[in-house]
2 protein chains.
Amino acid sequence: MTFETVELHKAHEGLQGVYRHASTATGGSMTFALYLPPQARAGKVPLVTYLSGLTCSHANVMDKGEYRKAAAEHGIAILCPDTSPRGEGVANDDAYDLGQGAGFYVDATQAPWAPHFNMWTYVTEELPALIAAHFPLDMSRQGITGHSMGGHGALTVALRHPGRFRSVSAFAPIVAPARVPWGQKAFPAYLGADPAKWRRHDAVALIEDGARLAEILVDQGTADNFLEGQLKPELLKAACDRAGIDLTLRLQEGYDHSYHFISTFMASHIGWHAMRLKS
Amino acid sequence: MTFETVELHKAHEGLQGVYRHASTATGGSMTFALYLPPQARAGKVPLVTYLSGLTCSHANVMDKGEYRKAAAEHGIAILCPDTSPRGEGVANDDAYDLGQGAGFYVDATQAPWAPHFNMWTYVTEELPALIAAHFPLDMSRQGITGHSMGGHGALTVALRHPGRFRSVSAFAPIVAPARVPWGQKAFPAYLGADPAKWRRHDAVALIEDGARLAEILVDQGTADNFLEGQLKPELLKAACDRAGIDLTLRLQEGYDHSYHFISTFMASHIGWHAMRLKS
């Protein structure tokens with residue numbers, strides 16, 4: 001496995017890199033961003049993976065997420081994968097919520113998506129193996145977070161990999177995709193018509209089916225246009241209450257779905273992860 | 001004078017707005033970003049204007065500058081103007097360093113630029129009057145900063161408006177445009193062939209000609225590709241030394257010309273301005 005360095009900038013005393021590599025999982029070229037804090041010069045550092053939302057690439061949170069200052073202070077690396085395969089020869093759809101930029105962190109089984117849309121395998125296996133081999137990361141101390149579709153990704157990846165992540169958080173996550181329009185469009189397209197196949201990619205269903213995490217932090221803006229129709233944090237709260245999962249759900253007054261919301265609470269999330277990754 | 005709100009987001013407890021208005025100075029529609037800290041709900045707040053560099057609009061620093069957290073902590077508003085007039089009917093050039101995105105904060109006297117390229121009047125008169133009339137800003141407590149071409153703008157605007165700004169800083173500024181390729185291309189195009197006309201838009205020349213500021217803060221990355229050919233902070237240092245201007249010139253090891261450099265030191269600049277604006 002090799003990769004090329006697309007960009008490398010000193011930032012907040014650490015290094016913000018952008019890298020490209022040939023991906024077996026998605027059958028094409030994939031780009032990711034990785035921030036190494038200054039502490040990585042002296043040894044391995046914990047890793048927090050941030051999964052992005054619809055329409056985003058690795059670049060949106062790298063540009064607008066304001067994570068580097070807190071990551072440098074706490075000595076934590078931040079990994080920002082893309083949200084789908086891209087490029088010529090990769091299937092796409094004119095809609096913003098299907099196809100390129102909208103991989104939903106699943107391995108597609110349906111045409112025309114199946115050949116390339118394997119973001120589940122990419123973010124859970126291929127990309128972690130690649131970065132563990134090339135960067136000073138302590139993969140025994142990992143956290144995961146994400147925004148919207150990426151919050152869905154963070155929750156489902158963590159719920160299905162017990163013990164891998166010491167800390168799990170999300171910004172305005174899609175908590176029950178099978179019950180809202182975004183998932184009800186994407187899941188049949190990627191996974192087929194049988195709703196039973198969707199449950200392993202639905203955080204609330206996974207909890208109902210017995211998956212467990214010790215605790216979860218979720219921030220949700222109250223002025224988020226998608227709150228009632230697509231996000232429904234109350235479903236996660238009910239599921240966590242029944243399952244005995246310690247969910248900290250913070251409703252943030254007046255914040256919307258944009259990176260202005262994410263960047264406002266990013267340092268708080270990184271501090272929350274740091275407390276668990278460094279203890 | 002009226003304006004329309006293009007975007008408005010709660011961010012770090014304050015409000016990040018993007019506004020558009022018809023501009024008399026540039027004879028067209030202009031867009032700017034203004035961040036109001038939470039303290040602006042209770043009364044007028046000090047203002048720091050950030051002038052952007054080549055190729056940028058109001059959006060680059062709004063997206064990547066990481067100024068909101070520090071501005072909210074210190075209770076300071078941040079104004080981010082565009083770098084030139086834009087749109088159909090506005091002259092342009094294929095190069096990145098002339099025309100749209102490259103107004104150099106001058107009032108052009110030459111064809112084809114003169115009708116619209118009046119960024120000096122725009123940022124020193126029209127835009128301050130507009131925002132003072134519509135937002136809770138204490139215009140008696142102003143600071144100014146900027147990056148590269150915008151650092152040039154900040155220094156020249158401050159030097160030519162004694163008493164208007166209590167605090168002046170810059171990130172990797174063009175300190176002597178008349179002596180480097182960027183200015184030697186833009187100034188003849190905008191101001192004509194006579195170098196005597198350029199001196200009023202050249203910070204080092206202005207200081208040589210008697211303009212004074214009490215103090216200036218400049219950060220400059222040592223890995224900046226433009227350091228030796230275009231930026232030449234040593235010329236500003238020599239001029240300030242001779243003039244008795246208290247220049248704090250910080251050479252930041254390993255930082256380049258990108259927003260990764262700017263965002264790393266933004267909080268330090270805002271703190272520096274705050275100390276002077278709030279005393």
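Notes on the structure follow.

Scoring rules and cut-offs
- Residues numbered from 1 in each chain as written.
- Chains lettered and ligands numbered in written order.
- Predicted model: local features only at pLDDT ≥ 70, side-chain atom pairs only at ≥ 80, totals over all residues.
- Heavy atoms only, no water.
- Helix = DSSP H or I, 4+ residues; strand = E, 2+ residues; numbered from the N terminus.
- Buried < 20%, exposed > 50% of the residue type's maximum accessible area, 1.4 Å probe, protein only.
- Phe/Tyr/Trp six-rings, centres within 6.5 Å; stacked < 30°, edge-to-face > 60°.
- Lys NZ or Arg CZ within 6 Å of the ring centre and 35° of its normal.
- Contact = heavy atoms within 4.5 Å.
- Buried area = accessible area lost by both parts, 1.4 Å probe.
- Salt bridge = Lys/Arg side-chain N within 4 Å of Asp/Glu carboxyl O.
- Polar contact = N/O pair within 3.5 Å; in protein donor to acceptor, adjacent residues only side chain to side chain.
- Nonpolar A, V, L, I, M, F, W, Y, C, P; charged D, E, K, R; others polar.
- Least-squares fit on C-alpha atoms with pLDDT ≥ 70 in both.
- Pairing = 2+ DSSP bridges.
- Axes fitted to C-alpha atoms, helices over the stretch in contact; angles between N-to-C directions.

## Considerations on unusual backbone geometry
Okay, step 1: Going from Ala-111 of chain A to Pro-112 of chain A, the amide bond is cis rather than trans, its omega being -5°.
Okay, step 2: Note that Pro-112 of chain A resides in the loop between strand 5 (77-81) and helix 3 (119-134).
Okay, step 3: Phi at Glu-13 of chain A is positive, roughly 75°, even though this residue is not glycine.
Okay, step 4: Residue classification places Glu-13 of chain A among the partly exposed positions, given a relative accessible area of 36%.
Okay, step 5: Of note, Phe-104 of chain B is a non-glycine position whose phi angle comes to about 55°, a positive value.
Okay, step 6: Position of Phe-104 of chain B among the secondary structure elements: in the loop between strand 5 (77-81) and helix 3 (119-134).
Okay, step 7: Take Phe-104 of chain B: its relative accessible area is 0%, and that puts it in the buried class.

## Quick look at the packing of aromatic side chains
Aromatic ring pairs are defined here through the distance separating the ring centres and the angle between the ring planes.
Okay, step 1: Counted according to the given criterion, the structure contains 32 aromatic pairs over all chains.
Okay, step 2: Note on Trp-113 of chain B and Tyr-190 of chain B: the rings are 5.5 Å apart at their centroids and 85° apart in plane angle, and the pair reads as edge-to-face. One end of the pair, Trp-113 of chain B, is in the loop between strand 5 and helix 3; the other, Tyr-190 of chain B, is in helix 5 (residues 181-191), and 77 residues separate them in sequence. Grouping residues by exposure puts Trp-113 of chain B and Tyr-190 of chain B together as buried.
Okay, step 3: Ring geometry for Tyr-255 of chain B versus Phe-261 of chain B: centroids 6.5 Å apart, planes at 50°, classification tilted.
Okay, step 4: Using a relative accessible area of 1% as the deciding quantity, one classes Tyr-255 of chain B as buried.
Okay, step 5: By relative accessible area, Phe-261 of chain B is classed as buried at 0%.
Okay, step 6: Through successive ring pairs, a cluster of aromatic residues spans Tyr-50, Phe-171, Tyr-255, Phe-261 and Phe-265 of chain A.
Okay, step 7: The residue whose ring lies beneath Arg-276 of chain B is Trp-272 of chain B, and the NZ or CZ to ring-centre distance is 3.8 Å.

## Concerning the interface of chain A and chain B
Okay, step 1: Listed per partner, the contact involves 20 residues of chain A and 20 residues of chain B.
Okay, step 2: Summed over the three residues of chain A that lose the most area to chain B, namely Lys-10, Glu-66 and His-260 of chain A, the buried surface amounts to 34% of that side.
Okay, step 3: For the pair chain A and chain B, the number of links is 2 salt bridges.
Okay, step 4: For Arg-68 of chain B, the salt bridge goes to Glu-66 of chain A, with nearest N and O atoms at 3.3 Å.
Okay, step 5: On the surface where chain A and chain B come into contact, there are 12 residue pairs in polar contact (both at pLDDT 80 or more).
Okay, step 6: Secondary-structure elements contributing two or more residues to the side of chain A that touches chain B are strand 1 (4-11), helix 1 (58-64) and helix 9 (259-277) of chain A.
Okay, step 7: When grouped by side-chain class, the residues that make up the side of chain A that touches chain B number 4 nonpolar, 8 polar and 8 charged.

## Remarks on the side chain of His-269 of chain B
All names here are of chain B.
Okay, step 1: Relative to the assigned elements, His-269 resides in helix 9 (residues 259-277).
Okay, step 2: Polar contacts involving the side chain of His-269 include one to the side chain of Asp-219, which spans 2.7 Å.
Okay, step 3: Look past the residues within four positions of His-269 in its chain and what remains in contact with it is Thr-145, Ser-169, Ala-170, Phe-171, Leu-217, Asp-219 and Arg-250.

## A short note on the environment of Gly-65 of chain B
All names here are of chain B.
Okay, step 1: Tracing the chain through its elements places Gly-65 in the loop between helix 1 (58-64) and helix 2 (68-74).
Okay, step 2: Separated by 151 residues in sequence, Gly-65 and Ile-216 place their C-alpha atoms 20 Å apart.
Okay, step 3: With near-sequence residues (within four places) excluded, Gly-65 lies in contact with Asn-60, Tyr-259, Ser-263 and Met-266.

## Comments concerning the pattern of salt bridges
All names here are of chain A.
Okay, step 1: Counting across every chain of the model gives 24 salt bridges over all chains.
Okay, step 2: In this structure, Arg-199 and Glu-208 form a salt bridge, with 3.2 Å as the shortest nitrogen-oxygen distance.
Okay, step 3: Residue Arg-199 is classed as partly exposed on the basis of its relative accessible area of 33%.

## Remarks on the relation of the copies chain A and chain B
Okay, step 1: Superposing chain A onto chain B requires a rotation of 180° together with a translation of 0.0 Å along the rotation axis, leaving an RMSD of 0.0 Å. Here the two chains are linked by the operation of a two-fold rotation axis. In terms of C-alpha distance to the rotation axis, chain A has Lys-64 of chain A as its closest residue, with the C-alpha 2.8 Å off the axis.

## Some points on the pairing of strand 8 (residues 215-221) of chain A
All names here are of chain A.
Okay, step 1: Of all 7 residues that make up strand 8, 6 are buried, and the element is covered over most of its length.
Okay, step 2: Relative to strand 8, strand 7 (residues 165-171) runs parallel, the two sharing 3 bridges. Following the sheet pairing, Ala-170 is matched in strand 8 by Val-218.

## Section: helix 4 (residues 149-159) of chain B
Working note: α-helix, 3.6 residues per turn, so residues spaced by three or four point in the same direction.
Okay, step 1: Where burial is concerned, most of helix 4 of chain B is hidden: 11 out of the 11 residues are buried.
Okay, step 2: Every buried residue of helix 4 of chain B is listed here: Met-149, Gly-150, Gly-151, His-152, Gly-153, Ala-154, Leu-155, Thr-156, Val-157, Ala-158 and Leu-159 of chain B.

## Some points on the sheet that holds strand 4 (residues 45-51) of chain B
Residue and element names in this part refer to chain B.
Okay, step 1: As summarised here, the arrangement of the 9 strands in space is 1-2-3-5-4-6-7-8-9, forming an open sheet in which the pairing is mixed. At either margin of the open sheet sits one strand with a lone partner, and together these are strand 1 (4-11) and strand 9 (246-252). If you compare each strand with its neighbour and ignore which way they point, the axes differ by 20° on average.
Okay, step 2: As judged from the 3 bridges shared by strand 4 and strand 5, these two strands associate in the parallel manner. Directly across from Leu-47, in strand 5, lies its bridge partner Ala-77.
Okay, step 3: Along the sheet, helix 8 (residues 233-243) contacts strand 8 (215-221) and strand 9; its crossing angle with strand 9, the most-contacted strand, is approximately 155°.

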